[in-house]
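So you can see what is in the structure, the chains are spelled out below.
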Amino acid sequence: RVLFRSFWYNGIYTPEQCDELSRLLQEDSKKCQAADNPAKGTIKTATVKPVAWEHCKHYLGKLDQLMKYTNLSQFGLHLYDMTDSECVNYNEYSEEKLGQYEWHSDGTKDGDVYDIKMTTILNLSTEPYEGGRLELFLNGERHIQELDRPGAVLCFPSWVQHRVTPVTKGIRKTLSI
């Protein structure tokens, strides 16, 4: 379904699969030496654990295919396959840190060229949390409620401004690519 220049899928992974993916991503993040590179000039209090694509591509193949299909059918961006040295981000937004990521866009722009063209977020949270709403700014702030469900996936152009509101109870877990 098209939603405000974004595209979402519900129930791509079961809650059990989300728990297993969280476990694998946390384990594989220990093998990665990369650091988080948040957008400049914004507040980010989430814990981000980069995971090299070479370590997770074998269990994220379904998501990779979904991203490619979504791009071809909805956006038509010229994307390249991820290389083994590139990273995905396992994110935890906790109530202890009031986990949030204020308004930002992903990547940088040089003229009409963006270094990151499409953002994909997978909700890995299987336990309830409060706050942590993903909002896109498209003619105003829009809470993307569809992403609140475990296993849901959202794809959108990376230059779209978006944020995660502070988590006030529990932990919000996501994978972002």
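Everything numeric here is computed off the predicted structure, so don't read it as measured data.

Chemist: Describe the overall build of the protein, naming the residues involved and giving the relevant values.
Modeler: Helices and strands together make up the secondary structure of the protein, namely 3 helices and 15 strands. Here the C-alpha radius of gyration of the protein, 15 Å, is about what a compact globule of 177 residues would show, namely 16 Å. Viewed in the frame of its principal axes, the protein has a C-alpha envelope of about 40 × 35 × 30 Å. In the protein, which comprises 177 residues, the proportion classed as buried is 44%.

Chemist: Give me the layout of surface pockets: which residues, what numbers.
Modeler: The space that makes up the largest pocket amounts to roughly 1,400 Å³. Along the wall of the largest pocket there are 48 residues; nearest its centre are Cys87, Asp106, Ile116, Met118 and Ile177. Listed by contribution, the elements that provide at least two residues to the lining of the largest pocket are strand S3 (47-52), helix H3 (61-75), strand S4 (87-94), strand S5 (101-104), strand S8 (118-123), strand S13 (162-164) and strand S15 (171-176). In the lining of the largest pocket, the residues fall into 22 nonpolar, 15 polar and 11 charged.

Chemist: Could you give an account of the pattern of salt bridges, with specific residues and numbers?
Modeler: Per the counting criterion, the structure on display carries 11 salt bridges. Here lysine 44 ties to aspartate 36 by a salt bridge, and the two come within 3.0 Å at their closest N and O atoms. Lysine 44 gets classed as partly exposed once you look at its relative accessible area, which sits at 21%. Across the pair glutamate 135 and arginine 163 runs a salt bridge, and its minimum N-O distance is 2.7 Å. Within this pair, whereas glutamate 135 is found in strand S10 (residues 134-137), its partner arginine 163 is found in strand S13, the two being separated by 28 residues in sequence. Accessibility expressed as a relative area gives 5% for glutamate 135, which makes it buried. Judged by relative accessible area, arginine 163 falls into the buried class, the value being 15%.

Chemist: Can you explain the packing of aromatic side chains? Please cite residues and give values.
Modeler: All told, the structure shown has 2 aromatic pairs when counted by the stated rule. On the basis of an interplanar angle of 65 degrees and a centroid distance of 5.1 Å, the ring pair of phenylalanine 7 and tyrosine 9 is categorised as edge-to-face. Residue phenylalanine 7 is classed as buried on the basis of its relative accessible area, which comes to 10%. On the accessibility criterion, tyrosine 9 (13% relative accessible area) is buried.

Chemist: So what about helix H1 (residues 15-29)? Which residues, and what values?
Modeler: For an α-helix, 3.6 residues make a turn, and residues three or four places apart therefore share a direction. Over its 15 residues, H1 runs 21 Å from end to end, which matches the ideal 21 Å to within 8%, given 1.5 Å per residue. Those residues of H1 not exposed but buried are Cys18, Leu21, Ser22, Leu24, Leu25, Asp28 and Ser29. On its buried face, H1 is in contact with S3, helix H2 (53-56), S4, S8 and S15.

The rules behind each value
- Residues numbered from 1 in each chain as written.
- Predicted model: local features only at pLDDT ≥ 70, side-chain atom pairs only at ≥ 80, totals over all residues.
- Heavy atoms only, no water.
- Helix = DSSP H or I, 4+ residues; strand = E, 2+ residues; numbered from the N terminus.
- Rg over C-alpha atoms; globule rule 2.2 N^0.38 Å.
- Buried < 20%, exposed > 50% of the residue type's maximum accessible area, 1.4 Å probe, protein only.
- 1 Å grid on protein atoms, 1.4 Å probe; cavity = no way out; pocket = protein on both sides within 12 Å on 5 of 7 lines; lining within 4 Å.
- Points joined across faces, edges and corners; volume = space filled by probe spheres on them.
- Nonpolar A, V, L, I, M, F, W, Y, C, P; charged D, E, K, R; others polar.
- Salt bridge = Lys/Arg side-chain N within 4 Å of Asp/Glu carboxyl O.
- Phe/Tyr/Trp six-rings, centres within 6.5 Å; stacked < 30°, edge-to-face > 60°.
- Expected span 1.5 Å × (residues − 1).
- Contact = heavy atoms within 4.5 Å.

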